[in-house]
Amino acid sequence: MKTSRRQSVQVNAGSMADIAFLLLIFFLVTAMIPNDKGINRKLPAPCPPNINCGGEIHHKNTLEVKVNSKDELLVENNRISINDLKDIAKNFLDNNGDGSCGYCNGLKSKTSSDNPKAAVISLTNDKQTSYDFYIKVQDELTKAYYELRNQYSETVLKKPSNELSKEELQNVRAAYPFILSEAELKH
């Protein structure tokens with residue numbers, strides 16, 4: 001009688017781990033990792049206990065910007081285009097209503113902000129506002145501040161903004177502080 005010895009076929013798996021590791025390295029090196037999108041803002045320091053940090057802000061020093069669920073932009077309850085927001089914000093911030101700002105070039109309207117240090121832009125949005133439109137609004141408001149800061153840098157400091165020292169940069173930021181509130185307004 002013949003005995004048949006059947007041997008099972010085996011695959012040499014010794015190099016499988018090496019191949020898997022090489023494929024992993026290949027995909028990590030060639031994959032495009034998207035940059036994180038977000039808004040770069042420095043949050044204020046927390047309010048110490050038993051101190052009222054919410055000082056009274058006069059209504060004329062507040063520019064109300066609202067975005068509804070249909071991505072419509074309302075400034076002081078008037079519907080505007082996103083393209084007009086930057087100019088409206090610049091005019092509000094640079095108004096110089098009380099005449100205390102020597103570097104401001106505004107209209108000096110008594111019904112608008114007193115000076116850039118007192119001016120607050122209040123941004124509120126609906127829960128259904130699209131993220132893309134919200135970012136566009138934030139970008140336009142940021143552009144308004146940056147353009148005013150560049151103007152200050154060139155007219156007062158007589159330097160382009162990219163050549164400022166740290167002290168001069170702090171001076172520019174103090175002249176036009178970025179005051180944007182996303183809290184609900186109390187009337």
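You'll find the structure just up there.
Rules used throughout
- Residues numbered from 1 in each chain as written.
- Predicted model: local features only at pLDDT ≥ 70, side-chain atom pairs only at ≥ 80, totals over all residues.
- Heavy atoms only, no water.
- Buried < 20%, exposed > 50% of the residue type's maximum accessible area, 1.4 Å probe, protein only.
- Helix = DSSP H or I, 4+ residues; strand = E, 2+ residues; numbered from the N terminus.
- Pairing = 2+ DSSP bridges.
- Phe/Tyr/Trp six-rings, centres within 6.5 Å; stacked < 30°, edge-to-face > 60°.

**Q** What should I look at first to understand the pairing of strand β4 (residues 120-125) in this one?
**A** Along a regular strand, successive side chains alternate from one face of the sheet to the other. Burial analysis of β4 places five of its six residues in the buried class, the great majority of the element. Across six bridges, the pairing between strand β1 (residues 62-67) and β4 is parallel. Bridge pairing in β4 links L63 to I121.

**Q** Looking at this structure, how should I read the packing of aromatic side chains?
**A** The description of two aromatic rings rests on the distance between their centres and on the angle between their planes. Enumeration over the complete set of coordinates arrives at five aromatic pairs. For the pair Y152 and Y176, a centre-to-centre distance of 6.3 Å together with 80° between the ring planes defines the contact as edge-to-face. One end of the pair, Y152, is in helix α3 (residues 131-155); the other, Y176, is in the loop between α4 (166-175) and β5 (180-181), with 24 residues separating them in the sequence. The residues Y152 and Y176 share a single accessibility class, namely buried. These aromatic residues form a ring-pair network of at least three members: Y103, Y152 and Y176.

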